[in-house]
Amino acid sequence: MTNDDPGARRRRPYRLVLDESRIAGEGGVERRLEMLSARPSPAHSMVAVVDDEESVRRALVRLFDSANFEAEAFPSARDFLRALEDRSFDCLVLDLQMPDMTGLDLQRYLRMVCPSLFLPVIIVTAHDEPGVREMCFAAGVRAYLRKPVEGSALLSAVSTLTARDDNDGFD
């Protein structure tokens, strides 16, 4: 890929193949993540939002749209993982407390399946309990915000985490 456009960013597309017979409750959460060759990213960063509350998903998608980010929302970690079969994202915004698989569990799972995957994660939570923030950062979460999230703080975190320079390491 040439660097004719100094603002051009690159990311590693990935493909997640789900084995539905192995979803939690039927042998654990195990899937295969396959790295594909690098290709240019779209003009705008693509943000995935995973939150079990529909009103929160709608509000965050509107916020990202207003700031020229593309955003797609998912009601559960399972729905997000299915989307990875054919889409890739530049940043992931996760609710900490969700049924079935928490945001922290999803972050840990992604790191376990493919530790070299560059997908910065932001955790948002209404339940800021002692020690949770530290556990999130230890798991590789890049930002931790409390609900109700200030739009400017979330946009700033996403902008920082999706900004890559010409030396981002992806050739």
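Residues numbered from 1 in each chain as written. Predicted model: local features only at pLDDT ≥ 70, side-chain atom pairs only at ≥ 80, totals over all residues. Heavy atoms only, no water.

Quick word on the sheet that holds strand E8 (residues 121-125)
Okay, step 1: Read across the sheet, five strands follow the order E6-E5-E7-E8-E9 without closing on themselves; strand pairing throughout is parallel. Two strands lie at the open edges of the sheet, namely strand E6 (70-74) and strand E9 (143-146), each paired on one side alone. Direction aside, neighbouring strands of the sheet carry axes that sit 20° apart on average.
Okay, step 2: Two strands pair when backbone bridges link them, and strand E5 (residues 46-50) and E6 are joined in this way by five bridges, in the parallel orientation. What sits directly across from Val50, in E6, is Phe74.
Okay, step 3: Set on the sheet, helix H3 (residues 103-113) makes contact with strand E7 (91-95) and E8; between it and E7 the angle comes to about 145°. (Pairing = 2+ DSSP bridges. Helix = DSSP H or I, 4+ residues; strand = E, 2+ residues; numbered from the N terminus. Axes fitted to C-alpha atoms, helices over the stretch in contact; angles between N-to-C directions. Contact = heavy atoms within 4.5 Å.)

Overview of the nonpolar core
Nonpolar side chains in soluble globular proteins tend to end up buried together.
Okay, step 1: Counting residues in each nonpolar core, the largest one holds 29 residues, and the members touching the most others are Phe80, Leu92, Leu106 and Leu110.
Okay, step 2: Of all the elements in the fold, those that place two or more residues in this core are E5, helix H2 (77-83), E7, H3, E8 and helix H4 (132-138).
Okay, step 3: The contact partners of Leu92, leaving out residues within four places of it in the chain, are Ala48, Val50, Phe80, Leu106, Leu110, Leu119, Pro120, Val121 and Ile122. (Core = buried A, V, L, I, M, F, W, Y, C linked by side-chain atoms within 4.5 Å. Buried < 20%, exposed > 50% of the residue type's maximum accessible area, 1.4 Å probe, protein only.)

Things to note about the pairing of E5
Taken residue by residue, a regular strand's side chains alternate between the two faces of the sheet.
Okay, step 1: The element E5 is largely enclosed, with a buried count of five among its five residues.
Okay, step 2: Here E5 shows a buried face lined by Met46, Ala48 and Val50 and a second buried face lined by Val47 and Val49.
Okay, step 3: Between the parallel elements E5 and E6, the chain passes through helix H1 (residues 54-66) in a crossover that is right-handed.
Okay, step 4: By the bridge criterion, four bridges tie E5 to E7 in an arrangement that is parallel. Bridge pairing in E7 links Val50 to Leu94. (Right-handed = clockwise from strand over helix to strand, strands pointing away.)

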